[in-house]
Amino acid sequence: MNRPIRARIDLAALAHNLLIARRCAPRSQVLAVIKANAYGHGLLRAARALQDADGFAVLDLEAAVCLRESGFRRHIVLLQGFFAPDELPLIAENRLTVVIHHQEQIAMLASAWLPVKIDVFLKINTGMNRLGFKPSAFSAALRALQTNRLIGDITLMTHFASADEAEGTMAQLNEFTNLRGDSGLPCSMANSAAILSTPATHAEWVRPGIMLYGASPFPDRAHSEFGLLPAMTLSSEIIAVQQLDSGDAVGYGANYRSDGARRVGVVACGYADGYPRLAPTGTPALVAGQLTQTLGRVSMDMLCVDLSALPQAGVGAPVVLWGEGLAVDEVARKAGTLGYELLCALAPRVPVIES
Ligand SMILES: *Cc1c(COP(=O)(O)O)cnc(C)c1O
């Protein structure tokens, strides 16, 4: 019998969440963001479940080529574009679309030779100050691309710094709309938060990420509010039970001390599986379908949960760490992070099953 930890990926939930994105932005094409191994769900597995998307967005050339080799024929966008000119032949050969966000990339394109044109997303920095051309550099960048014979279709894009906050989004949207002007070029702005909250950002292409995986992009709104279904359920089992007396400690650092008699279950899941080490005592967990909480520090391969109110739960009792019945966002909030980070951090050692 193997160690009982599992990540179950619900393919129907992925397809359902894609449909929600489509319903929210009915006039837009959908570029499903499957970077970071599809936020921990598995690149090709997610691509298969999301095959109705109009395109996929990834970061690595390797992932993009892998999608082509597995037969995906629609748009594939490299969200950070290319990093060196030697990537360009493979990009052209695989008909990949690249984000152009920096003058260096335009210079590399100017001296390249390619057998076919490549399509680009020109990224404008409307306030995030991470990637993209400043508004003052935008028209020169656009002209350089429009006059380069190697460049095919051009789409304009930007990314919101605080799409979960309306005022900042509107300021960036206005800046972008001004620059787009009457260029007539297709545009792409919206991530999950903007898709769910700000229809004015939808334009020709939307770029949902986290919502496809059934987690919320908002700190104060649950995934269920939008009808999203969790795609990943991380589960394990109780592998030992301890009886504590008043004053007994649990785990490293004796960080939790019992205030009375307490029954503790040891769960085969730790930070080496991707569970956040910083999740404190009191982080929710489901044991045999009932809500309880963690006790003490998370260790590499184990964590402890309170079974005092679950006398029937012994060795072998099922434990859900997050997913169906317990939102990853709730666990993340307790650990001071986001559902995004927990999903992406699922460790390779955790066996994945599909359903
Ligand atoms: C990751 C990413 C997205 C998706 O963001 P979510 O918040 O996960 O929806 C969209 N656009 C760009 C450029 C990204 O890097």
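The coordinates are above.
Note that the structure is a prediction, hence the values are computed from the model and not measured. (Residues numbered from 1 in each chain as written. Predicted model: local features only at pLDDT ≥ 70, side-chain atom pairs only at ≥ 80, totals over all residues. Heavy atoms only, no water.)

Visitor: Hey, could you go over the overall build of the protein chain for me, with residue numbers and the actual values?
Guide: What the protein chain contains, in helices and strands, is 11 helices and 18 strands. Relative to its 355 residues, the protein chain shows a buried fraction of 53%. Intrachain contacts of the protein chain at a sequence separation of at least 6 include 62% that bridge at least 24 residues. In the form shown here, the protein chain has an accessible surface area of approximately 15,700 Å², with 52% of it arising from carbon and sulfur atoms. Counting 30 positive and 32 negative side-chain charges, the protein chain places the centres of these two groups 2 Å from one another. (Helix = DSSP H or I, 4+ residues; strand = E, 2+ residues; numbered from the N terminus. Buried < 20%, exposed > 50% of the residue type's maximum accessible area, 1.4 Å probe, protein only. Contact = heavy atoms within 4.5 Å. Areas by Shrake-Rupley, 256 points an atom, 1.4 Å probe, with all protein chains shown as cover. Lys, Arg positive; Asp, Glu negative; His and termini not counted. Charge placed at Lys NZ, Arg CZ, Asp CG, Glu CD.)

Visitor: Break down the environment of Arg149 for me, with residues and values.
Guide: Examined against the element boundaries, Arg149 turns out to sit in the loop between helix 7 (135–146) and strand 7 (151–157). Each C-alpha atom of the pair Arg149 and Ser192 lies 34 Å from the other, and the pair is 43 residues apart in sequence.

Visitor: Tell me what's going on with the pairing of strand 17 (residues 318–322), and back it up with residues and numbers.
Guide: Counted residue by residue, strand 17 has four buried out of five residues, so it is predominantly covered. Examined bridge by bridge, strand 14 (residues 284–287) and strand 17 share two bridges and lie antiparallel to one another. Each bridged residue has a counterpart across the sheet, and for Val287 the counterpart in strand 17 is Val319. (Pairing = 2+ DSSP bridges.)

Visitor: So what about the site of the ligand? Which residues, and what values?
Guide: Near the ligand you find 13 residues, and of these Lys35, Tyr39, Ser192, Ile210 and Tyr340 are the closest. Here Gly209 contributes a backbone N or O atom positioned 2.9 Å from an oxygen atom of the ligand. Here an oxygen atom of the ligand sits 2.8 Å away from a polar atom, N or O, in the main chain of Ile210. The pocket occupied by the ligand, as judged from atoms lying within 2 Å of grid points, is the largest pocket. Of the residues assigned to the shell around the ligand, the class counts are seven nonpolar, four polar and two charged. (Near = heavy atom within 4 Å. Polar contact = N/O pair within 3.5 Å; in protein donor to acceptor, adjacent residues only side chain to side chain. 1 Å grid on protein atoms, 1.4 Å probe; cavity = no way out; pocket = protein on both sides within 12 Å on 5 of 7 lines; lining within 4 Å. Sits in = over half its atoms within 2 Å of the grid points. Nonpolar A, V, L, I, M, F, W, Y, C, P; charged D, E, K, R; others polar.)

Visitor: So what about unusual backbone geometry? Which residues, and what values?
Guide: Within the chain, Tyr39 stands out as a residue other than glycine whose phi angle is a positive 50°. Residue position: Tyr39 is located in helix 2 (residues 35–39). Phi at Arg95 takes a positive value of approximately 50°, unusual for a residue other than glycine. Among the residues examined, Arg95 registers a relative accessible area of 46% and is labelled partly exposed.

Visitor: Describe helix 6 (residues 103–110), and please don't skip the residues or the numbers.
Guide: Taken residue by residue, helix 6 has Gln105, Ile106, Met108 and Leu109 as its buried positions. Mapping the buried residues of helix 6 onto a view down its axis gives an arc of 160°, with all of them on the same face. (Arc of directions from axis to C-beta.)

Visitor: Residue-level account of the nonpolar core, with values.
Guide: The biggest cluster of nonpolar side chains holds 115 residues, and the ones touching the most others in it are Ile34 and Leu122. Excluding residues that lie within four positions of it along the chain, Ile34 makes contacts with Leu43, Ala46, Ala47, Leu50, Phe56, Ala57, Val58, Leu67 and Tyr213. Residues Tyr256, Val266, Leu295 and Cys304 belong to the second largest nonpolar core, which totals seven residues. (Core = buried A, V, L, I, M, F, W, Y, C linked by side-chain atoms within 4.5 Å.)

Visitor: Before we move on, can you summarise empty space enclosed by the protein with the specific residues and values?
Guide: On inspection of all chains with the given rule, the structure shows two cavities of 30 Å³ or more. Each pocket or cavity is described by its volume, and for the largest cavity that value is around 60 Å³. Contributing to the lining of the largest cavity are 14 residues, with Gly214, Pro230, Met232, Gly323 and Val328 lying nearest its centre. Of the residues that constitute the lining of the largest cavity, the class distribution is nine nonpolar, four polar and one charged. Approximately 50 Å³ is the volume attributed to the second largest cavity. Lining the second largest cavity are Lys123, Ile124, Asn125, Thr126, Gly127, Met128, Arg130, Leu131, Thr158, His159 and Gln172. Residues belonging to the lining of the second largest cavity are distributed by class as follows: three nonpolar, six polar and two charged. (Points joined across faces, edges and corners; volume = space filled by probe spheres on them.)

Visitor: How would you summarise the packing of aromatic side chains if you had to cite specific residues and measurements?
Guide: Inspection of the entire model under this criterion finds five aromatic pairs. Centre to centre, the rings of Tyr275 and Trp322 are 6.1 Å apart; their planes meet at 15°, and the pair counts as stacked. On the criterion of sequence distance, the pair formed by Tyr275 in the loop between strand 13 (262–267) and strand 14 and Trp322 in strand 17 is long-range, its members being 47 residues apart. When sorted by exposure, Tyr275 lands in the same class as Trp322, which is buried. Here a set of aromatic residues connected by ring pairs shows up, and it is made of Tyr39, Tyr213 and Tyr340. Stacked on the ring of Phe218, the Lys or Arg Arg221 has its end atom at 5.4 Å from the ring centre. (Phe/Tyr/Trp six-rings, centres within 6.5 Å; stacked < 30°, edge-to-face > 60°. Lys NZ or Arg CZ within 6 Å of the ring centre and 35° of its normal.)

Visitor: Requested: an account of the pairing of strand 15 (residues 290–295), with residues and values cited.
Guide: Two strands pair when backbone bridges link them, and strand 14 and strand 15 are joined in this way by four bridges, in the antiparallel orientation. Bridge pairing in strand 15 places Leu286 opposite Leu291. Pairing of strand 15 with strand 16 (residues 303–306), which is carried by two bridges, proceeds in the antiparallel orientation. Within strand 16, the position partnered with Thr294 by the bridge is Val305.

Visitor: With reference to specific residues and values, describe helix 8 (residues 166–180).
Guide: Since the α-helix advances by 3.6 residues per turn, residues separated by three or four positions end up pointing in the same direction. If you check helix 8, its first and last C-alpha atoms are 21 Å apart, about what 15 residues at 1.5 Å a residue would give, namely 21 Å. What helix 8 keeps buried is the set Thr169, Gln172, Leu173, Phe176 and Leu179. End-on view of helix 8: buried residues confined to an arc of 125°, all on one side of the axis. Those residues of helix 8 that are exposed and angled more than 90 degrees off the buried face are Ala166, Glu167 and Asn178. Immediately downstream of helix 8, the backbone of Gly181 shows phi near 50°, a positive value. (Expected span 1.5 Å × (residues − 1).)

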